[in-house]
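# Structure at a glance
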Amino acid sequence: MGFKCGIVGLPNVGKSTLFNALSQSSRAEARNFPFCTIEPNIGRVPVPDNRLNAIAEISKPEKIVPTSIEFVDIAGLVRGASKGEGLGNQFLANIREVDAICHVVRCFSNNEIIHVENSIDPLRDIEIVETELMLADIENIETRIEKLTKKVRSNDKDARAKLHIAERSLDLLEKGTPVRMLEIEEEEIPHFHALQFLSAKPVLYICNEEENAIKEETEIKRQIGLKAKDLGAQSIIVSAKIEEELAQFKDSSEKQEFLETLGVRETGLAKIIKNGYKLLRLITFFTQGKKEVRAWTVKDGASTVNAAGVIHTDFERGFICAETVSYDDFIAFNGDQGCKEAGKIRLEGRNYKVKDGDIVLFRFNV
């Protein structure tokens, strides 16, 4: 399990260029007219993790399997999408299927590339997309409230819990605030997710900047950062053009050398993954042996049983225990044998919370 990330934004902001670069493909057509992307393009990208290679150096497996992130390049949105304008209905339906939203915001100037709003204004563009998501939520939740109210009259406790969340959410939306800002109790989370709010999705604003301006500290970038904070989101600066050029290099050392010439520390992909994991509260654990070393992704706070289920339902169903060692100990004591001799391998039960970097061997019986 990795995570599914929808790349969204207004038309002609660089979504498809960025998608092609990140997925190292040309599946998404990048052209200078609105709605170039109609059907969503999907690309699965391995998540780079130096720890995976370090574990493999010791284990000498037959293969190395990283975890992955799935990018979905979704049709451009315009004003009125919540009412079906442009490809609005399709756009909104595709967003419902993703775990997080990467909202590409145009910061670059290029008179040859038209802007659907006829001017470059990143803050306005953010408002347009956020507003359309909230308007779609309002329409959806008003219908839900009507149906839930009828169920509550017949003493449906589940409906009562959902109605309470729905009414608070509607109040927030009518004030122009996305539902991701709603304060909910832990026991309300399942009901909250069941209501399928679009504006509840975690958002990462990707400021698509010109290649020669990516390092510049500007007022508009500062304002985007503040806007993201106000909306319960995060923001990063990326150049789709740089990512496009990086995709041409096959050798990682060549990529790094190219980044250094630009004075850039990490790729846009690395930034997106790092922030995506933070937004979704994800961590990575590993399994290792002679056949393979593999990375897996789970929610922070997942138990050993949850983690076992990510690998296979049989592991979860017949869980006995988990032989666990931290990544740091595995490296410091040069693998399994050294960790055993140093007493670093722990037997954990079903309630243990898996930590980022744990290397786990599941014992099960079915």
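Whatever comes next refers back to the structure up there.
All of the points below concern the structure found in this document. Note that residues are indexed from 1 along each chain, following the sequence as it is written. Local features in this predicted model are restricted to residues whose pLDDT is 70 or higher, and side-chain atom pairs enter the listing and the counts only when it is 80 or higher, whereas totals over whole chains, interfaces and linings include all residues. Neither water nor hydrogens contribute to the side-chain values; these are computed over all heavy atoms in the structure.

So, on to a positive patch on the surface. Residues form patches when they are more than 30% accessible in relative terms and have no salt bridge. Like charges link within 9 Å. Nonpolar side chains (Val, Leu, Ile, Met, Phe, Trp, Tyr) link within 5 Å. Every accessible area reported is derived by Shrake-Rupley at a probe size of 1.4 Å, with residue values counting cover from the shown protein chains alone. Here, a salt bridge means any Lys or Arg side-chain nitrogen found within 4 Å of an Asp or Glu carboxyl oxygen. Under the convention used here, Asp and Glu are negative, Lys and Arg are positive, and both His and the chain ends fall outside the count. Positions of charges follow a simple convention, taking NZ of Lys, CZ of Arg, CG of Asp or CD of Glu. Taken together, Lys 147, Lys 150, Lys 151 and Arg 153 make up a surface patch of like positive charges. Each residue gets one of three labels from its accessible area relative to the maximum for its type: buried under 20%, exposed over 50%, partly exposed in between, using a 1.4 Å probe on protein chains only. Here Lys 151 falls in the partly exposed class, since its relative accessible area comes to 45%.

Quick look at unusual backbone geometry now. Of note in the backbone geometry, Asn 155 takes a positive phi value of approximately 60 degrees without being a glycine. Along the polypeptide, Asn 155 turns up in the loop between α4 (122-153) and α5 (157-174). Despite not being glycine, Gln 196 has its phi angle at roughly 55 degrees, a positive value. Secondary structure follows DSSP: runs of H or I at least 4 residues long count as helices, runs of E at least 2 residues long count as strands, and numbering of each begins at the N terminus.

Before going further, it helps to examine the packing of aromatic side chains. The criterion for an aromatic pair is that two Phe, Tyr or Trp rings (for Trp, the six-membered ring) have centres within 6.5 Å, with stacked assigned to planes under 30 degrees apart, edge-to-face to planes over 60 apart and tilted to the rest. In the structure shown here, the tally under the stated rule is seven aromatic pairs. Consider the rings of Phe 192 and Phe 197, whose centres lie 5.7 Å apart with planes at 40 degrees: the pair is tilted. The class for Phe 192 is buried, based on a relative accessible area of 10%. Residue class for Phe 197 comes out buried when judged on its relative accessible area of 4%. Arranged with centres 5.4 Å apart and planes meeting at 45 degrees, the rings of Phe 249 and Phe 258 form a pair that is tilted. Judged by its relative accessible area of 15%, Phe 258 falls in the buried class. Each residue in the set Phe 285, Trp 296, Phe 315, Phe 319, Phe 362 and Phe 364 is aromatic and connected to the rest through ring pairs, giving one cluster.

In this description, a nonpolar core means a group of buried Ala, Val, Leu, Ile, Met, Phe, Trp, Tyr and Cys residues linked to one another through side-chain atoms lying within 4.5 Å. With 50 residues, the main nonpolar core has Ile 69, Phe 71, Tyr 205, Ile 206 and Ile 272 as its most contacted residues. It is helix α10 (residues 268-280) that contributes the most residues to this core, six residues altogether. What Phe 71 contacts, discounting residues up to four positions off in sequence, is Cys 5, Ile 7, Phe 19, Leu 22, Asn 41, Ile 42, Gly 43, Val 45, Leu 269 and Ile 272. Listed in part, the 18 residues of the second largest apolar core include Ile 141, Leu 163, Leu 173 and Phe 197. Only heavy atoms matter for contacts: two residues are in contact if any of them lie within 4.5 Å across the pair.

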